Amino acid sequence: MARRSRHRLLLLLLRYLVVALGYHKAYGFSAPKDPKVVTAIEYQEVILACKYPKKTIAFRLEWKKLGPSVSFVYYQQALQGDFKDRAELIDFSIRIKNVTRNDAGNYRCEISAPSEQGQNLEEDTVTLEVLVAPAVPSCEVPNSALSGTVVELRCQDKEGNPRPEYTWFKDGVPLLWNPKLGSQSSNSSYTMNTKSGTLQFNTVSKLDSGEYSCEARNAVGHRRCPGKRMQVDNFLWIQSFLSEIPFLVRSSNKLWRIFFIAFSAVENIQDDMQKKPPSRRVVLHLKTLRVKMISSTQNPL
């Protein structure tokens, strides 16, 4: 009984396959082939090939661009849309003379022709990838920075395809990606990320002052942003000190004493730069300097 049941099941499967094949032959449906990938550089030309082995007189050809909404590229023996002015039909293939980034996507050609079994429909799918050169990247470089602090420079391009890699330049000289292997500048405390475009100084110093620019590069081309100068100062609070000089000058005729005390304090701060955090040190010396100056104006030599 078990053998008979298996034989019946096999016969049913064979009948189903025969019916399915007969339906396929009668209506001539053909499964789409595996999609091909074609790469083109923007503003150059590309050919989207549609290979059909038999050339017959009575056939219907259509090209479509696939997506959320399907659009015709070639329909009723004519190119459609903006392809009219920048494309041409070569046999069953389409040559686009001026490719743009908007042309990227999936395309399908459909060829319908009569056969002995009825209408035969062939399909071929092509994926078009458009390579785009980077635009001038957007660069963020601070005008000034305080010595000993963390400073990050940023560089970004949003147009390049494939995504570009970034290189930073100081005074026209490229900075090495890994400073531990050697540096072309006198400072090796930075970290450069070629993927994200950041350049970070863990402890920026006066030696890092200079003009910085960034270059975005991919397989198609490269562009660089204009250089921007970053000035690193040891004492940004000097502006606060200078704003008090008019008051001190009016209160004392011993100007040389004021500047002597000021420069002495600057030297003390410079000696301590490597020992304490800049913020606490600056506040401490500024208070000391103010007390000494007021005291000197009240007790002139």
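In this text, all values refer to a predicted model and were calculated from it rather than measured experimentally.

Engineer: Explain the sheet that holds strand 16 (residues 198-201) to me, please; I cannot follow it from the model alone.
Structural biologist: Paired through their backbone hydrogen bonds, the strands of a sheet run either parallel or antiparallel. The four strands are arranged 10-12-16-15 in an open sheet whose pairing can be described as antiparallel. Both outer strands of the open sheet, strand 10 (138-140) and strand 15 (190-193), are each paired with one neighbouring strand and no more. On average, adjacent strands in this sheet sit at an angle of 10° to one another, irrespective of strand direction. Strand direction decides the pairing type here: strand 12 (residues 151-156) and strand 16, joined by four bridges, are antiparallel. From the neighbouring strand, E152 faces strand 16, where its bridge partner is Q200.

Engineer: Would you mind going over the pattern of salt bridges with me for this structure?
Structural biologist: Pairing between side chains of opposite charge can happen when the charged atoms of each approach one another. In this structure the tally under the stated criterion is 17 salt bridges. We note a salt bridge from R108 to E110, for which the minimum N-O separation is 2.9 Å. Since its relative accessible area comes to 21%, R108 is described here as partly exposed. Residue classification places E110 among the buried positions, given a relative accessible area of 9%. Of the charged contacts in the structure, one is a salt bridge between R224 and E215, with a shortest N-O distance of 3.7 Å. One network of salt bridges, in which partners are shared, links R60, E62, K64, R108 and E110.

Calculation rules
Residues numbered from 1 in each chain as written. Predicted model: local features only at pLDDT ≥ 70, side-chain atom pairs only at ≥ 80, totals over all residues. Heavy atoms only, no water. Pairing = 2+ DSSP bridges. Helix = DSSP H or I, 4+ residues; strand = E, 2+ residues; numbered from the N terminus. Axes fitted to C-alpha atoms, helices over the stretch in contact; angles between N-to-C directions. Salt bridge = Lys/Arg side-chain N within 4 Å of Asp/Glu carboxyl O. Buried < 20%, exposed > 50% of the residue type's maximum accessible area, 1.4 Å probe, protein only.

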